[in-house]
Amino acid sequence: MARLPYPALALDNITRAIDIVRAGQVVEKRDLFANLAWNLQGPLQALVFGNPDAPPTAAAIDEDADLAADLDERLDEFAWVLDCARSQYNAVAAANDVAADAKSIDPATILAIVNIVLQLIDAWRKRRN
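Since the model is a prediction, treat every value here as computed from it, not as a measurement.

The rules behind each value
Here, residues in each chain are numbered from 1, in the same order as that chain's written sequence. In view of the model being predicted, local features appear only for residues whose pLDDT reaches at least 70, and side-chain atom pairs are presented and counted only at 80 or more, with totals across whole chains, interfaces and linings using the full set of residues. Note: side-chain values were computed over all heavy atoms of the structure, leaving out hydrogens and water. Secondary structure is summarised from DSSP: a helix means a run of H or I of at least four residues, a strand means a run of E of at least two, and numbering begins at the N terminus for each. Exposure is judged per residue with a 1.4 Å probe applied to protein chains only, and the accessible area is read against the type maximum: over 50% gives exposed, under 20% gives buried, and values in between give partly exposed. Contacts between residues were defined by any pair of non-hydrogen atoms, one from each residue, lying within 4.5 Å. For the area figures, the Shrake-Rupley method with a 1.4 Å probe applies, and any residue is considered shielded solely by the protein chains shown. Within this scheme a cavity is a closed region of a 1 Å grid, computed over the protein atoms alone, that accommodates a 1.4 Å probe without allowing it to escape, whereas a pocket is open but has protein on both sides within 12 Å along at least five of seven lines; lining residues each have an atom within 4 Å of a point. Grid points are joined across faces, edges and corners, and a volume is the space filled by probe spheres set on the points. Polarity classes work like this: nonpolar for Ala, Val, Leu, Ile, Met, Phe, Trp, Tyr, Cys and Pro, charged for Asp, Glu, Lys and Arg, and polar for all others, with Gly in that last group. The salt bridge criterion pairs a side-chain nitrogen of Lys or Arg with a carboxyl oxygen of Asp or Glu, the two atoms within 4 Å. The span you would expect from a helix comes to 1.5 Å times its residue count less one. As used here, the term nonpolar core means buried Ala, Val, Leu, Ile, Met, Phe, Trp, Tyr and Cys residues forming a set that is joined through side-chain atoms within 4.5 Å. Think of pLDDT as the predictor's per-residue confidence, scored from 0 to 100. To obtain each axis, a line is fitted to C-alpha atoms, and for helices this fit is confined to the stretch in contact; angles are then taken between N-to-C directions over 0 to 180 degrees. By definition, any crossing whose near helix is turned counterclockwise from its far helix by less than a right angle is left-handed, and any crossing with a clockwise turn is right-handed.

(A) Spatial organisation of the overall build of the protein chain. Regarding its fold elements, the protein chain presents five helices and zero strands. Listed N to C, the secondary structure of the protein chain is α-α-α-α-α in terms of helices and strands. Counting every position in the protein chain, which comprises 129 residues, the buried fraction comes to 36%. For the protein chain, long-range pairs separated by at least 24 residues make up 81% of all intrachain contacts whose partners lie at least 6 apart in sequence. Surface accessibility of the protein chain: about 7,500 Å² in total, with carbon and sulfur atoms responsible for 54%.

Structure below.
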């Protein structure tokens, strides 16, 4: 069975996702938003659970106080944005305003990804405390 390594943590993905939510384009750019959230999930899993392919990334972050503070600040902001996005998607899903087509990501799927990422951020916070 093939297994892919975790992607590297790219803080610009957090920034792009935050920009989408702040612009009120979560529904319009749901494909990109879901992709950004998904690409952040892997690195967060590596931080929380460890990475079998590399030395513990979390230990390197713990040793670099500036990086740890920046990551914590960005994750706090990202968690807040994900909560906002979750509210927007819940409203859309309840109103059933998003047209379902084969090329579009279902809001329920994006909500599932958002919930997983929020749980990983919470696990990272608890681990660091």
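Picking up where we left off.
(B) Region of interest: the layout of surface pockets. The volume enclosed by the largest pocket comes to roughly 280 Å³. Forming the walls of the largest pocket are Arg3, Leu4, Pro5, Tyr6, Pro7, Trp38, Asn39, Gln41, Gly42, Gln45 and Pro52. For the lining of the largest pocket, the per-class residue count stands at six nonpolar, four polar and one charged.

(C) Region of interest: the pattern of salt bridges. This model, assessed by the stated rule, comprises two salt bridges. As a salt-bridge pair, Glu77 and Arg22 come within 2.4 Å of each other at their nearest N and O atoms. Within this pair, whereas Glu77 is found in helix 4 (residues 65–95), its partner Arg22 is found in helix 1 (residues 11–22), the two being separated by 55 residues in sequence. Among the salt bridges present, the one from Lys126 reaches Asp122, with a minimum N-O distance of 3.1 Å. Taken as a pair, Lys126 and Asp122 lie in helix 5 (residues 107–128) at a separation of four residues, close to a single helical turn. Here Lys126 falls in the exposed class, since its relative accessible area comes to 58%.

(D) Structural detail: helix 2 (residues 30–49). With 20 residues, helix 2 should reach 28 Å at 1.5 Å per residue; the first-to-last C-alpha distance of 28 Å fits that figure. Downstream of helix 2 by one or two residues, Gly50 has phi in the positive range, about 100°.

(E) Quick look at the side chain of Gln41. The topology assignment puts Gln41 in helix 2. We classify Gln41 as buried; its relative accessible area is 7%.

(F) Quick peek at the nonpolar core. Counting residues in hydrophobic clusters, the biggest one holds 31 residues, and the most contacted among them are Phe33, Phe78, Leu82 and Ile121. For this core, the secondary-structure elements that each account for two or more residues are helix 1, helix 2, helix 4 and helix 5. If one sorts the elements of this core by residue count, helix 5 sits on top with nine residues. When neighbours within four sequence positions are excluded, Phe33 is seen to be in contact with Ala17, Ile20, Val21, Val26, Leu82, Ala85, Tyr89, Ile110 and Val114.

(G) Representation of the confidence of the model for the protein chain. For the protein chain, the average pLDDT comes to 76, and 77% of its residues sit at 70 or higher. Ranking the elements of the protein chain by mean pLDDT puts helix 3 (residues 57–63) last with 58 and helix 1 first with 87.

(H) Just the packing of helix 1 against helix 2, in detail. Direction vectors running N to C along helix 1 and helix 2 enclose 145°, while the axes themselves pass 9 Å from each other. For the crossing formed where helix 1 meets helix 2, the hand is left-handed. Residue-level contacts link Asn13, Ile14, Arg16, Ala17, Ile20 and Val21 of helix 1 to Leu32, Phe33, Leu36, Asn39 and Leu40 of helix 2. When its residues are assigned to classes, the contact of helix 1 with helix 2 shows eight nonpolar, two polar and one charged.

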